[in-house]
Amino acid sequence: MFKLSIVSPERVLYEDDVESLVAPGIDGYLGILTNHAPLITSLTTGKIEIRDVHKKEKIAAISQGFLEVSNNTATILADAVEFAEEIDLSRAESALDRAKKRLNMDSGDIDLPRARNALIRAKNRVRLVKQVKQMNR
Amino acid sequence: MQSLRDIRKRIRAVESTKQITKTMEMVAAARLRKAQQQIESFRPYAKKMQEMLTHLSEASGSVEHPYFEQREGNKVALVMVSSDRGLCGSYNSNIFRRANQWVADHPDLDVGLLLVGKKAINFYKRRDYKILNSFKDFDGKFDIGKVREITNYLSELFISGDVDRIVFVYTAFLSTANFKIAEMQFLPIKAEFEAEAEEEESSAAREYIFEPDPETIFKQLLPSYALVLVQMAIADAIASEHGTRMLAMGSATKNAGEMIDHLTLQRNKARQASITNELLEIVSGAEALNK
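Source: prediction; values computed, not measured.

Conventions adopted
- Residues numbered from 1 in each chain as written.
- Chains lettered and ligands numbered in written order.
- Predicted model: local features only at pLDDT ≥ 70, side-chain atom pairs only at ≥ 80, totals over all residues.
- pLDDT = per-residue confidence, 0-100.
- Helix = DSSP H or I, 4+ residues; strand = E, 2+ residues; numbered from the N terminus.
- Contact = placed C-beta atoms within 7 Å.
- Domains from an automatic or database assignment.
- Nonpolar A, V, L, I, M, F, W, Y, C, P; charged D, E, K, R; others polar.

Before going further, it helps to examine the confidence of the model for chain B. Residue and element names in this part refer to chain B. Of the residues in chain B, 93% have a pLDDT of 70 or more, and the chain-wide mean is 86. Confidence, read as mean pLDDT per element, is least for helix H6 (residues 201–205) in chain B (49) and greatest for helix H7 (residues 214–290) (91). Taken together, the stretch residues 195–199 has pLDDT below 50 and engages in 4 contacts with residues farther than four places along the chain or on a different chain. In the predicted complex, the global pTM is 0.80; the interface-specific ipTM is 0.82.

And the structure:
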């Protein structure tokens, strides 16, 4: 068991003891268990899986951030993060459509890296919502 | 003495003013609550980020980053956070006074102003200061997109070498009735997290694993930290704006109430005087007939 807190500029999403954590590291997903060695890493857009002390699993969508583990305390600083069940599927899908359209416009005045990021984020959210829905079925 | 009609008119006018200030007070209170929530939900993030930077810098040693670069030059950008709307007491004039003072105190520096808020723009429009740029349309609401825009602009300004130092003057929000004008050096970032490190020696001994290397993480983390600094200053300024407005409108409402009391007294006196007058006329008229 170790302490996990997930914070974003908007709010503290999670602060509790957990059994395990899986987070999207910059070079691939990493799993954190109790007594993990001290670690600082940057996170990319993806899925956070939490298993709390009651063996309950929670899934959250993160878009970029940082993870620090030390002394059985894990901290995730996220640019944006939300639990999958909080995501509004229709809104996420329309965001995905918008991002796709913007990339297809192909006009010179769009900020390409930003548009790509938006697309990746939107894809991630839509994917996670669907995944959670299937799990609950 | 004023006529009864005039007094009644004034009472009505003051009453409607009172109603307006009362409403504005309540609106400001509601917005203050929102702004306060904003600050409170944001503080954990800022704190954790500082902690992470501390650990990162003590574990990785000195890191080179343009944000840390101390330059000899004397070009300074002074960022002033004011409001877009008035009727908030001395909120804006305090900022201007402090900023002017700052410029006067540093005659050897080449200070350019960066104005946030319409009030600052109007104030400095006709004054003899160098203005680098201005931002408006916050309108008392916190907007992360605009904060990002300002942060990007400022870091661009610093990295390109147009200015050697960026300082913020804003109103720090201490409590709902306590605000203080604060200065904050934004860039180059003061390595203040290194000073904190000494307190936690246990963590210094820890060997961190970095993924990827510390420099890369630093490079990714510092822009976020810069954003956090700007965000804190602006969130504080917005909360202070509503706080000062609430206080100003509260005392305006109180003053209006006192004025109404005073006018009511005058009105009653005037009414009584006119009644007495009328009575006198009637009585003396009747007496004239009796003769």
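Alright, that's what it looks like, and here's the rest.
Turning next to the domain arrangement of chain A. Residue and element names in this part refer to chain A. Annotation of chain A at the domain level lists domain 1 (2–84) and domain 2 (87–136). For domain 1 versus domain 2, the separation of C-alpha centres amounts to 22 Å. Taken together, the contact pairs 8 residues of domain 1 with 8 residues of domain 2. If you list the elements that add at least two residues to the side of domain 1 that touches domain 2, you get strand E5 (46–52) and strand E6 (57–70).

Bringing the interface of chain A and chain B into the picture now. Interface size, as often reported, equals the accessible area lost upon joining of the parts. Listed by partner, the interface residues are 20 residues for chain A and 21 residues for chain B. For the side of chain A that touches chain B, the elements supplying multiple residues, two or more each, are strand E2 (12–25), strand E4 (39–43), E6 and strand E7 (73–83) of chain A. Grouping the constituent residues of the side of chain A that touches chain B by class yields 10 nonpolar, 6 polar and 4 charged.

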